[in-house]
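Chain by chain, the residues:
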Amino acid sequence: MNYKIATIKGIPIRVHITFFLVFLLFAFIFTITGWPFGFQHVEPSIVRYILACLTAVLFFVTLLIHELAHAVLAKSYGAKIQSITLFFFGGITAIENPENKRDMDPSKDLNVSLAGPLSNMVIGAVLLAINYLVFGSIFGVPDAANQTAESIGIATFTYHIPTVIFLLGALNLLLGIFNLLPIYPMDGGRVLRAWLAKRTSYEEATKTAVSIGKGFSVVLAVISILTFQFLFAILALFLYISASEEGKMFKAATILEGIFVKDIMTADVVAVDESMSLNDFIRFVFQKKHPGYPVTKNGIVVGMVTVDDARFVNEAERYAFTVKDVMKEIFSIRPDATALEAFNEMGAHAIGRLIVLDDEKNMIGIISRTDLMTAIYLKDSFKEKAKQKEDFFG
Ligand SMILES: [Zn+2]
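What counts and what doesn't
- Residues numbered from 1 in each chain as written.
- Predicted model: local features only at pLDDT ≥ 70, side-chain atom pairs only at ≥ 80, totals over all residues.
- Heavy atoms only, no water.
- Core = buried A, V, L, I, M, F, W, Y, C linked by side-chain atoms within 4.5 Å.
- Buried < 20%, exposed > 50% of the residue type's maximum accessible area, 1.4 Å probe, protein only.
- Helix = DSSP H or I, 4+ residues; strand = E, 2+ residues; numbered from the N terminus.
- Contact = heavy atoms within 4.5 Å.
- Donors = N, O, S within 2.8 Å, 3.2 Å for Na, K, Ca; no water.
- Tetrahedral: all angles 85-135°; square planar, octahedral: opposite > 155°, others 65-115°.
- Pairing = 2+ DSSP bridges.
- Axes fitted to C-alpha atoms, helices over the stretch in contact; angles between N-to-C directions.
- Phe/Tyr/Trp six-rings, centres within 6.5 Å; stacked < 30°, edge-to-face > 60°.
- Lys NZ or Arg CZ within 6 Å of the ring centre and 35° of its normal.
- Salt bridge = Lys/Arg side-chain N within 4 Å of Asp/Glu carboxyl O.
- Left-handed = near helix turned anticlockwise from the far one by under 90°.
- Nonpolar A, V, L, I, M, F, W, Y, C, P; charged D, E, K, R; others polar.
- Patch = residues over 30% accessible without salt bridge, like charges linked within 9 Å, V, L, I, M, F, W, Y side chains within 5 Å.
- Areas by Shrake-Rupley, 256 points an atom, 1.4 Å probe, with all protein chains shown as cover.

Engineer: How would you explain the nonpolar core if you had to name every residue and give the values?
Structural biologist: Burial of nonpolar side chains together is a common tendency in soluble globular proteins. Residues F30, F39 and I84 are the most contacted members of the largest nonpolar core, which totals 33 residues. Those elements giving two or more residues to this core turn out to be strand 2 (11-16), helix 1 (17-32), helix 2 (45-76), strand 3 (80-87), helix 3 (106-135) and helix 5 (161-179). At eleven residues, the largest contribution of residues to this core is made by helix 2. The residues touching F39, leaving out its near neighbours within four places in the chain, are F30, T31, T33, R48, L51, A52, T55, H160, T163, V164 and L167. Judged by nonpolar contacts, the second largest core, of 21 residues, contains I259, V261, A337 and L372.

Engineer: Let's hear about the coordination of the zinc ion: which residues, and what values?
Structural biologist: Ideal geometry at a metal centre: 109.5 degrees between donors when four sit tetrahedrally, and 90 or 180 degrees when six sit octahedrally. Coordination of the zinc ion by the protein involves H66 (NE2), H70 (NE2), D187 (OD) and D187 (OD), with metal-donor separations of 2.0 to 2.7 Å. Given four donor atoms and angles of 53 to 145 degrees at the metal, the environment of the zinc ion is assigned as irregular. Written as a sequence motif, the donor arrangement for the zinc ion is H-x3-H-x116-D. Taken together, the positions of H70 in helix 2 and D187 in helix 6 (residues 187-197) put the pair 117 residues apart, joining distant regions of the chain.

Engineer: How would you summarise the sheet that holds strand 5 (residues 272-273) if you had to cite specific residues and measurements?
Structural biologist: Taken in spatial order, the three strands make up an open sheet running 5-6-7, and their pairing is mixed. The open sheet has two edge strands with one neighbour each: strand 5 and strand 7 (300-306). Here strand 5 pairs with strand 6 (residues 292-297) via two bridges, running parallel. Considered in strand 6, the bridge of D273 is made with T296. Where helix 10 (residues 278-288) meets the sheet, its contacts fall on strand 5, strand 6 and strand 7, and the angle it forms with strand 6 comes to roughly 130 degrees.

Engineer: Please give an account of unusual backbone geometry that cites residues and values.
Structural biologist: Only a minority of non-glycine residues have a phi that is not negative, and only a minority of peptide bonds are not trans. Even without being glycine, K9 reaches a positive phi, approximately 50 degrees. Turning to its location among the elements, K9 is positioned in the loop between strand 1 (2-8) and strand 2. You can call K9 exposed: its relative accessible area is 63%. Unusually for a residue other than glycine, F228 sits at a positive phi of about 60 degrees. Within the secondary structure layout, F228 lies in the loop between helix 7 (202-226) and helix 8 (230-257).

Engineer: Got a sec to walk through the packing of aromatic side chains? Specific residues and values, please.
Structural biologist: Evaluated as defined, the whole model comprises twelve aromatic pairs. With a centroid separation of 4.5 Å and an interplanar angle of 65 degrees, the aromatic rings of F19 and F60 are classed as edge-to-face. Of this pair, F19 sits in helix 1 while F60 sits in helix 2; the two residues are 41 residues apart in sequence, bridging distant segments of the chain. Neither residue differs from the other here; F19 and F60 are each classed as buried. Chaining the aromatic ring pairs together yields one cluster made of F19, F23, F26, F30, F59 and F60. Note that R199 overlies the ring of W195, its terminal NZ or CZ placed 4.2 Å from the centroid. Here K262 stacks its cationic end above the ring of F260, 5.0 Å away from the centre of that ring.

Engineer: Give a description of the pattern of salt bridges that names residues and reports values.
Structural biologist: The final tally for this structure, using the stated rule, is nine salt bridges. When the shortest N-O distance is used, the salt bridge between R193 and D109 registers 3.6 Å. One end of the pair, R193, is in helix 6; the other, D109, is in helix 3, and 84 residues separate them in sequence. D109 shares its class with R193; the two are buried. Among the ionic pairs, K328 bridges to D309, the shortest N-O distance being 2.7 Å. One end of the pair, K328, is in the loop between helix 12 (323-326) and strand 8 (332-333); the other, D309, is in helix 11 (residues 307-311), and 19 residues separate them in sequence. Overall, D309 belongs to the buried group, its relative accessible area being 7%.

Engineer: Help me get a handle on the environment of R369, residues and values and all.
Structural biologist: Locating R369 in the fold gives a position in helix 14 (residues 369-392). On the accessibility criterion, R369 (32% relative accessible area) is partly exposed. In this view, R369 contacts F343, M346, G347, I351 and G352; residues no more than four positions away in its chain are not counted.

Engineer: So what's going on with the packing of helix 6 against helix 7? Which residues, and what values?
Structural biologist: The geometry of helix 6 relative to helix 7 is characterised by a closest axis approach of 8 Å and an angle of 145 degrees between their N-to-C directions. For the element pair helix 6 and helix 7, the recorded crossing hand is right-handed. In contact with G189, L192, R193, L196 and A197 of helix 6, helix 7 contributes Y202, A205, T206, T208, A209 and I212. Of the residues that constitute the contact of helix 6 with helix 7, the class distribution is seven nonpolar, three polar and one charged.

Engineer: Got a sec to walk through a nonpolar patch on the surface? Specific residues and values, please.
Structural biologist: Together, V122, V126, I130, Y132, L133, V134, F135, I138 and F139 give the surface a local cluster of nonpolar side chains, amounting to about 850 Å² of exposed area. Inspection of the secondary structure assignment puts V122 in helix 3. The class for V122 is exposed, based on a relative accessible area of 51%.

Here it is as structure tokens:
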């Protein structure tokens, strides 16, 4: 549900479908809110709608600047930027760290995390200063709600430009401050984590930042409910969930980073020949009870086939097709790669299994998403056990 809208400095800018909905919501709110936070009073109505849409567009441009600030600074530190995606309440900059390392150096990480919110604060301060210097008030016109007769008509649009400037300035300041709340994975939470990581390990820092983030979102939720700001309460709940999800993801990634592909792969791989008919293949799957198999031609791996690939062909026609007709491209990995690299590789190609090839390109195993999940589960439960024992023996 992503649409690529532009490429800036080689970074693809994508927009998620939810983003359009929020854009309309923002434009709508601007039309029903009175001065100085909206254009409810503006006549004729067509000018009101144009001003509201213009403000919404410009606000989303500043959201993009926020993400670009993260991206450009990370890039200058040698990281690779995969993409920027704008979605319903903000953006995500997908950063790939240099040398395949999961974590950036803490002080660089801190700067990258700060760059986004700071850019909003600078934009906010500059816009409000412009209004102040030109009109003597941050609101621009003293009271745009009292529209004078001569300002109605052609001049209406230009008359309300200071209100657009005020709204953008105020929203940017708010956005900058809000993003700095110490709730991981928001920017403020990342700043906190980077700051903690300078003193301890990234693992400890993430754990602490996640806990502080959860605590903060609970406080935010309670305040929101007590003050009847229910939208904020929903946002706080969302932040709580993202904090705990991010914590779990980090834990899983840490476990996977410490395991090698060769230790968890399935070594005795059963392959099917490319000439096998789909009927025979499905019978074979029922016997072996695995969903996916490498496909070989004269003993060399040429593809990958799963039950789902076979299911695409109508049952009555399966006798006429062979495995070769439906197989997919193979992706491979080295046995000495980490399980985290395998996980990332599967994610990048949206596939469930990789073939393990040695230096001579011989297939020595297969590794699936299930293997990774089992490894996470086992490692985690043994770690818990070890901890319990420690507690028991003092
Ligand atoms: Zn940010």
